[in-house]
Amino acid sequence: MSEQNSFDQVAAEHDVSGEAPAKLRVLVAEDETIIRLDIVETLQSQGYDVVGQTDNGQKAVELAETLSPDLILMDISMPIMDGLSATALISEQKIAPVVMLTAFSQRDLIEQAREAGVMAYLVKPFSEKDLVPAIELAVARFDELRALEAEVTDLNERFATRKLVDRAKNLLMTSLEITEPEAFRWIQKTSMDRRLTMREVAQTVVDQMGE
């Protein structure tokens, strides 16, 4: 069997869609009470477990360290400590992925959020249909970073691998019509099934599907 046909068969065999999200433990940090309660209600209606709430960034860091949630929803503008500073501290400890909530969408702010370690962001006002995909994307990206850290110890090599994996994900998303989290799960599962590194799988995807 050729390498091309082999990977095509793997793609056909992998069911990467329709998976129900696991019940996640979520911490909500939002200084506007009405918005925070609305977010909590939405999360609970979607089956998430809200384990903590706060209205300031400093308390968000403390709760994150104490509760070790699976995900944190963090408003960018809060008293005592802003959301970006709180996220940076949480990201340094690799506690949980953060979805940033903001009323602004300026490009420089988004770049600051990425540098702080934000995995996804939502611009207010947002709806329930926006919230759940952002959570799933943040968790998937966080899991991806941890998987790459486990596979590649050298920082420069990890950065190069991440860029290659990102390119492979984009190709898979277009070719298989799947989401970004599903594309990474495809790469990760193929890596395990074929006893290859994720970089090797990503390189093969790029070689076969890229221009």
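The written sequence of each chain sets the order in which its residues are numbered from 1. Note on the predicted model: pLDDT of at least 70 is required for a residue's local features to be given, and 80 or more for side-chain atom pairs to be given and counted; whole-chain, interface and lining totals, by contrast, use all residues. Hydrogens and water are ignored here; the side-chain numbers use all heavy atoms of the structure.

- Where an unreviewed UniProt entry is consulted, the chain appears under the name Response regulator, with the organism given as Citricoccus muralis.

## Quick look at the packing of helix H8 (residues 180–194) against helix H9 (residues 198–209)
Link 1 in the chain: Here H8 crosses H9 at 115 degrees, and the two axes come no closer than 8 Å. Note on packing geometry: the crossing formed by H8 with H9 is right-handed. Residues Phe184, Trp186, Ile187, Gln188, Thr190 and Ser191 of H8 form the contact with H9, whose participating residues are Met198, Val201 and Val205.
Link 2 in the chain: Within the contact of H8 with H9, the residues separate by chemical class into six nonpolar, three polar and no charged. Only C-alpha atoms enter the line fits that serve as axes; for helices the fit covers just the stretch in contact. Angles between N-to-C directions range over 0 to 180 degrees. Secondary structure is summarised from DSSP: a helix means a run of H or I of at least four residues, a strand means a run of E of at least two, and numbering begins at the N terminus for each. By definition, any crossing whose near helix is turned counterclockwise from its far helix by less than a right angle is left-handed, and any crossing with a clockwise turn is right-handed. Contacts were defined at the residue level, with two residues in contact if any of their heavy atoms lie within 4.5 Å. Ten residue types, Ala, Val, Leu, Ile, Met, Phe, Trp, Tyr, Cys and Pro, are classed as nonpolar, four, Asp, Glu, Lys and Arg, as charged, and the remainder, Gly among them, as polar.

## What to know about the layout of surface pockets
Link 1 in the chain: Cavities and pockets are defined on a 1 Å grid built over the protein atoms alone: a cavity is a set of grid points where a 1.4 Å probe fits but cannot escape, while a pocket is an open set with protein on both sides within 12 Å along at least five of seven lines, and lining residues are those with an atom within 4 Å of any such point. Grid points are joined across faces, edges and corners, and a volume is the space filled by probe spheres set on the points. The computed volume of the largest pocket comes to approximately 890 Å³.
Link 2 in the chain: Arg114, Val118, Met119, Leu145 and Arg162 are the residues nearest the centre of the largest pocket, which is lined by 29 residues in total.
Link 3 in the chain: Secondary structure elements with two or more residues in the lining of the largest pocket: helix H5 (107–116), strand E5 (120–123), helix H6 (128–151) and helix H7 (155–176).
Link 4 in the chain: Taken together, the residues that form the lining of the largest pocket break down as 15 nonpolar, two polar and twelve charged.

## Comments concerning the packing of H7 against H8
Link 1 in the chain: Packing of H7 against H8 brings their axes to within 9 Å, and their N-to-C directions diverge by 110 degrees. Considering the angle they form, H7 stands roughly perpendicular to H8. As H7 packs across H8, the resulting crossing turns out to be right-handed. Where H7 abuts H8, its residues Val165, Ala168, Lys169, Leu172, Met173 and Leu176 lie against Glu180, Ala183, Phe184, Trp186 and Ile187. Under this scheme an angle from 65 to 115 degrees is roughly perpendicular, one under 35 degrees roughly parallel, and one over 145 degrees roughly antiparallel; angles in between are oblique.

## Quick word on the pairing of strand E2 (residues 49–54)
Link 1 in the chain: Should DSSP find at least two bridges between two strands, the strands are taken to pair. As paired strands, strand E1 (residues 25–29) and E2 are joined by five bridges and run parallel to one another. Within the sheet, the bridge partner assigned to valine 28 lies in E2 and is glutamine 53.
Link 2 in the chain: Handedness rule for crossovers: strands pointing away from the viewer, path from the first strand over the helix to the second running clockwise, crossover right-handed. Taken together, E1, helix H2 (residues 33–45) and E2 form a β-α-β motif whose crossover is right-handed.

## Some remarks on the sheet that holds E2
Working definition: the strands of a sheet are paired by backbone hydrogen bonds and lie parallel or antiparallel to each other.
Link 1 in the chain: A sheet is described by the order of its strands in space; here five strands give the open sequence E2-E1-E3-E4-E5, paired in parallel fashion. The sheet is open, and its two borders are formed by E2 and E5, each paired with just one other strand. In this sheet, neighbouring strand axes are inclined to one another by 20 degrees on average, regardless of whether the strands run parallel or antiparallel.
Link 2 in the chain: With four bridges joining them, E1 and strand E3 (residues 71–75) adopt parallel strand pairing. Bridge assignment links alanine 29 to a residue of E3, and that residue is methionine 74.
Link 3 in the chain: Of the strands in this sheet, E1, E2, E3 and strand E4 (98–102) touch H2, which is tilted by about 170 degrees from E2.
Link 4 in the chain: Packed onto the sheet, H6 meets E3, E4 and E5 and runs at close to 160 degrees relative to E5.

## A closer look at the environment of glutamate 32
Link 1 in the chain: Relative to the helices and strands, glutamate 32 resides in the loop between E1 and H2.
Link 2 in the chain: Taking the C-alpha atoms as reference, glutamate 32 lies 9.8 Å from threonine 54; in sequence the two are 22 residues apart.

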